[in-house]
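Examination of the molecular architecture
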Amino acid sequence: MTMKLGCQTFTWEMLGDRWTGGPDDLLHAIGAAGYGGIEITDKMIGPYASNPDDFARALERDGLVLVAYAIGSPGGFTEDEGADLEAVRKASAFAARFGATVSLGSATVMSPGAREAKYDAAARIYNAALRVGAEEGAAVAIHPSSHHDTLIFDRADYEAMFDRLDPALGWVPDTGHILRGGQTVADAMTRWSDRIRYVHLKDVDAAGDWAMLGQGVVDIAEIAHLAKAAPRFNGWLVAEEESEEAARDPAAAVATNRLVLEGALC
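Before going into details, it helps to say that this report is about the structure given with it. Source: prediction; values computed, not measured. (Residues numbered from 1 in each chain as written. Predicted model: local features only at pLDDT ≥ 70, side-chain atom pairs only at ≥ 80, totals over all residues. Heavy atoms only, no water.)

Another aspect to go through is the nonpolar core. Core analysis: the largest hydrophobic core is formed by 77 residues, its most contacted members being Phe55, Leu104 and Tyr126. In terms of residue count, helix α5 (residues 115-136) provides more of this core than any other element does, 9 residues in total. Setting aside its immediate chain neighbours within four residues, Leu104 contacts Ile71, Phe77, Val88, Tyr126, Ala129, Val140, Ala141, Ile142 and His143. Judged by nonpolar contacts, the second largest core, of 7 residues, contains Val67, Ala141, Val172 and Trp236. (Core = buried A, V, L, I, M, F, W, Y, C linked by side-chain atoms within 4.5 Å. Buried < 20%, exposed > 50% of the residue type's maximum accessible area, 1.4 Å probe, protein only. Helix = DSSP H or I, 4+ residues; strand = E, 2+ residues; numbered from the N terminus. Contact = heavy atoms within 4.5 Å.)

Put into structure tokens, the structure is as follows:
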């Protein structure tokens, strides 16, 4: 299988108010860097969210395809099932236009209560999201995180959540978040190989701090090998950069990552 290389737009989103550009700027930068695909988030897609035909033309202009449409939840996918599923339905209708995956952010603790009950609530919403996505013609996957109050952080969390989830629900393993949660990437990607839809490539140093791709502990060639063995892997390796270098110059950082990927996979 030939690896397809994509880029996630969170590299710009993490700048917050310092980012004053729009979705076309993201497409231009990612296309110019030589990627073949983009994963864009609900916060960065702007007016294209209600104009898929215009977005299709913009993608074609920059030589890109839509790999995934990533959405978050104000309620952490644990508090407001109705609002979450409505957002999933809209995202799924959009993603289906491109044959793309809907990626759901990590379930998060948003209020007091037993952790087991939070797992149950997240699993109920995630499983319902899978059904909503199918109704709209889109694949749905979850993207665990290592950020504050995530419910999918370490191995115990992964086991608790995946044991509750429909086997058809996909998973987007994120190499950086896996390592920051104390697991090895090889163990996690092997243990839950049957769920892998595509892969997020991020790097960390030995202390778990974000590093530019290729400058930390992540073995890109090993990740590609593990992904190829996954029965539902769609061929996409999606680079996502959260290091300090990326915060200074996102476009330059993702362009550097594209060269690193090419070198590691040749």
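Applying the stated criterion to the full structure yields 18 salt bridges. Put simply, Asp24 and Arg61 hold a salt bridge, and the shortest N to O gap is 3.2 Å. Of this pair, Asp24 sits in helix α2 (residues 23-32) while Arg61 sits in helix α3 (residues 52-61), and the two are 37 residues apart along the sequence. A residue is classified by how much of its surface remains accessible, and Asp24, at 29% relative accessible area, is partly exposed. Given the relative accessible area of 44%, Arg61 is considered partly exposed. A salt bridge links Asp157 to Arg115; its shortest N-O distance comes to 3.1 Å. Separated by 42 residues along the polypeptide, Asp157 in helix α6 (residues 155-164) and Arg115 in helix α5 bring together distant segments of the chain. On the accessibility criterion, Asp157 (5% relative accessible area) is buried. What you see here is one network of salt bridges that share partners, running through Arg155, Glu159, Asp187 and Arg191. (Salt bridge = Lys/Arg side-chain N within 4 Å of Asp/Glu carboxyl O.)

We now examine the packing of aromatic side chains. Scanning all chains against the criterion turns up 13 aromatic pairs. Where Phe77 meets Tyr126, the ring centres are 5.6 Å apart and the plane angle is 35°; that geometry is what we call tilted. With Phe77 in the loop between β3 (65-71) and α4 (81-96) and Tyr126 in helix α5, the pair connects residues that are 49 residues apart, well separated along the chain. Taking relative accessible area as the criterion, Tyr126 reaches 0% and is therefore assigned buried. Look at Tyr158 and Trp192: their rings are 5.5 Å apart centre to centre, the planes differ by 35°, and that puts the pair in the tilted class. Separated by 34 residues along the polypeptide, Tyr158 in helix α6 and Trp192 in the loop between α8 (185-191) and β7 (199-201) bring together distant segments of the chain. Assessed through its relative accessible area of 9%, Trp192 is described here as buried. In textbook terms, an aromatic cluster arises when at least three aromatic residues are bridged by ring pairs, as seen for Tyr48, Phe55, Tyr69, Phe94 and Phe98. For the cation-ring pair, Arg97 lies above Phe98, with the distance from its terminal atom to the ring centre recorded as 5.2 Å. Here Arg191 stacks its cationic end above the ring of Trp192, 5.8 Å away from the centre of that ring. (Phe/Tyr/Trp six-rings, centres within 6.5 Å; stacked < 30°, edge-to-face > 60°. Lys NZ or Arg CZ within 6 Å of the ring centre and 35° of its normal.)

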